[in-house]
Amino acid sequence: MVDKYKEIFDEFSGEAGDLIPILQKIQNKCGYISDDAIRSISPFLRISDNQIYGVASFYSQFRFTEPGRNSIKVCMGTACHMKGGHILGEAVERELKVKPGQTTEDKRFDFQRVACLGCCALAPVVQINNDIRSRMTVIRLKQLLDKYE
Amino acid sequence: MNKFKEISRTARKKWDQLQSSAIPIIYLGTASCGRAAGAKDVHEAIKRYLKDNKLQARIIEVGCIGPCYLEPLMDIRLPHSPRISYANVTPEKARRIIESLLINGNPQVQMALGHFGENGDKLIEGIPRFYDLPMLKSQVRIVLRNCGLIDPEDIDHYIANAGYAGFLQALEKGPEGVIAEVKDAGLRGRGGAGFPTHKKWETCRNAPGNIKYMICNADEGDPGAFMNRSLIEGDPHCVLEGLLIAAYAIGASHGYIYIRAEYPLAIVRLKKAISQMRAYGLIGKNILNSGFDFDITIKEGAGAFVCGEETALIASIEGKRGMPKSRPPFPAISGLHGKPTIINNVETLGTLPNILRNGAAWYRQYGTPGNYGTKTFSLVGKIRRSGLIEVPLGTPLRQIIFDIGGGSNKQFKAVQTGGPSGGCLSEEFLDTPVDYESLGAAGSIMGSGGLIVMDEDTCVVDVARYFLDFTQKESCGKCSPCRVGSGHLVEILDRITKGRGLPEDLIKLQTLGETIKRGSLCGLGQTAPNPVLTTLRYFRSEYLNHIKEKNCPAAVCKELIEYRVIPEKCTGCRGCVAVCPTGAITGPRSEPHNLDPTKCIKCRACYEVCRFDAIAGDAIIIRSRRRIHDDHTA
Ligand SMILES: Cc1cc2nc3c(=O)[nH]c(=O)nc-3n(C[C@H](O)[C@H](O)[C@H](O)COP(=O)(O)O)c2cc1C
Ligand code: FES
């Protein structure tokens, strides 16, 4: 069980400040923070499961459920909001039948709302996996979603 | 020192060779904004085209030069010609331009945006100078001087353009000399509050202890602002040089860059840049034989707005929940791990090399007394020319929004400065000079540089609700005025936007807002009510419209609007029928369609089709329910 994370732990000396970078590396590798992961970090950093969970849950980056095969992020920053970002978010909820923070039943997509992807001049934007798409419309978004398996 | 001289000489030579290159150079803007607009596809298409046609050219990926609305931007420089810029390039358009220019020598004047020629270049008739374009003309580019012009992943490009010369100056002046120069320049922190940079440096330098930390705040939490991202992506070394100078001044031997995880490209570029510095001996032990040791760790944020606040940021680096602490003690005395710590914003750091290199007097020629220098802004929202700009402090809002930004397509309504902590200013304030004090006097703040323009189609009550919803969700929960109070504000604003507001709500918003400002522990709560308080002050009638008449004049608030088909305009193309997810629109081809408001979920699909589809008649409108009602009874 511990072996799964050993490679990650090896990069760190085990100080308190390592917690967030460790969580980030685990999420990068496994897609989310499982109970199993938290239980393994605890002896390494000598802090309790609860403390780890307390820190992890403070930050919106960390997820505790398995991600989908694709991930869609809809920007809810100010520039995007003013250009209808929330309407795009509703479209995703309707099309994929998911709520923010959830994964579709068939695991095709997970859906998150984010605050600003830094491309505000080209609002509204969505990010699917690693690609940011700008000047998005409801109709183009629907077509785009169909391209992902 | 001598080693660096040698490095500079080589870098300079490399740069000069590039400028007099015998083969064409294609510069492509591939910062995040360029990529979002499709620059990577363009890149692939160019590479393939060059290969298929056996054309020789060098492609250089550059950062964002500012007019993001024109992305993807591609520039081409033929031997002995100035660099010419082309906007909104698609793979097809790129192929056409390259074919025309590289094969036929025809610069396609009608497609060109501008050229970067200098005196002495053979200029091309019909193409304006890039820096004479309306968006660029009144800008002063100091911090952004290299963005879009150099290869951000090549330290030699930076060094060839006087890079690290500011740091050399700093070493010559000594730490006290650096602090004196920055004081003389009148530099104030660009992260929002405008605190004099030299003051906190002095406190930190004089604080006892030999372990001190220097932190670069690249958390850029304001949703709708991207100045720091652009700068790091376009010219990472200027921020790193600034970090070196600041660390040297305060006597820190370790530095951190705290950067949001939402900026993956910026993180990659910083990491590359740091390893290049290491290879050149600009980081590590005994830098350039000066006896100064310094190293940098990159810490990725994990998605919490409040972590932009200094004490919360420190808690986050220490591996804790990002909760602010009450001050004093200030971080300059007791910060990271209890040691004296300075936190500076990306742009503050990016300014330092320029001040050290050119001197305080030079810097003071820009801006106004007390507000010297320039400031970058991300100009977004309902504005024609959106993007990243840099202007001297003291420039009036009107000049920024209208001369540089080209105004809104529709009637201008308001501008929000300072993001969620800032205020929403109406038309009467357009002549306000953009400086810390004037914006403060108007009830807003300078903030980090987000400028969000609103037109008549923006509902200010919705905007206020949006910001409060944001800050309430980002409140760390430690103090109750912020945690509970902002929740109440959202509740009230929410019911107003739903047409269920009560007349006494306005007074409640006001008193609650003022209480939260006074009672909150950190800057987040202390400024959170600003969007409500300013909109209440300058756009009261819009609130009253929502409350008394259940009317959203901008036709934004979902519960107060309706979608309609104008029969006279409808061409009966059935475009909307095809996209309507609920079957609310019906009707045979070639006859005006019927929209059933009871089935309509206001998803906007029909509206988009009707506006963008060639055969549609622009017949679907979104209007305030109240107005539709009035039109019927009139
Ligand atoms: C809630 C909150 C969020 C903040 N976010 C940022 C930020 O994203 N970037 C930043 O540079 N400063 C931010 N600040 C301001 C910092 O606390 C700090 O004043 C600044 O980084 C100091 O750098 P400067 O002196 O160079 O401006 C924030 C402040 C508060 C209260
Ligand atoms: S507001 Fe959406 S990218 Fe910035």
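Residues numbered from 1 in each chain as written. Chains lettered and ligands numbered in written order. Predicted model: local features only at pLDDT ≥ 70, side-chain atom pairs only at ≥ 80, totals over all residues. Heavy atoms only, no water.

## Some words on the pattern of salt bridges
In the structure shown here, the tally under the stated rule is 42 salt bridges over all chains. For the salt bridge of E95 of chain A with K142 of chain A, the shortest nitrogen-to-oxygen distance reads 3.9 Å. Of this pair, E95 of chain A sits in helix α6 (residues 85-96) while K142 of chain A sits in helix α7 (residues 138-146), placing them 47 residues apart in sequence. Since its relative accessible area comes to 34%, E95 of chain A is described here as partly exposed. A salt bridge links E61 of chain B to K40 of chain B, with the shortest nitrogen-to-oxygen separation between them at 3.4 Å. Placement of E61 of chain B in strand β2 (residues 58-62) and of K40 of chain B in helix α3 (residues 39-52) is noted, with a sequence separation of 21 residues between them. One network of salt bridges, with partners in common, ties together D462, R465, D494 and K498 of chain B. (Salt bridge = Lys/Arg side-chain N within 4 Å of Asp/Glu carboxyl O. Helix = DSSP H or I, 4+ residues; strand = E, 2+ residues; numbered from the N terminus. Buried < 20%, exposed > 50% of the residue type's maximum accessible area, 1.4 Å probe, protein only.)

## Topic: the sheet that holds strand β3 (residues 126-128) of chain A
All names here are of chain A. A sheet is described by the order of its strands in space; here 4 strands give the open sequence β2-β1-β3-β4, paired in mixed fashion. Two strands in the sheet have a free side with no partner beyond their single neighbour: β2 (109-114) and β4 (131-133). Here the average twist between neighbouring strands, direction ignored, is 20°. The sheet contacts of α7 involve β1 (70-75), β2, β3 and β4, and relative to β3 the element is tilted by about 5°. (Pairing = 2+ DSSP bridges. Axes fitted to C-alpha atoms, helices over the stretch in contact; angles between N-to-C directions. Contact = heavy atoms within 4.5 Å.)

## Focus: the domain arrangement of chain B
All names here are of chain B. Segmenting chain B into domains produces domain 1 (18-130), domain 2 (164-352), domain 3 (370-455), domain 4 (460-549) and domain 5 (558-633). Each of domain 2 and domain 4 has a C-alpha centre, and these two points are 34 Å apart. Of the residues lining the interface, 11 residues belong to domain 2; the matching set on domain 4 comes to 8 residues. When domain 2 packs against domain 4, the two sides together hide about 860 Å² of surface, and 76% of this comes from carbon and sulfur. (Domains from an automatic or database assignment. Buried area = accessible area lost by both parts, 1.4 Å probe.)

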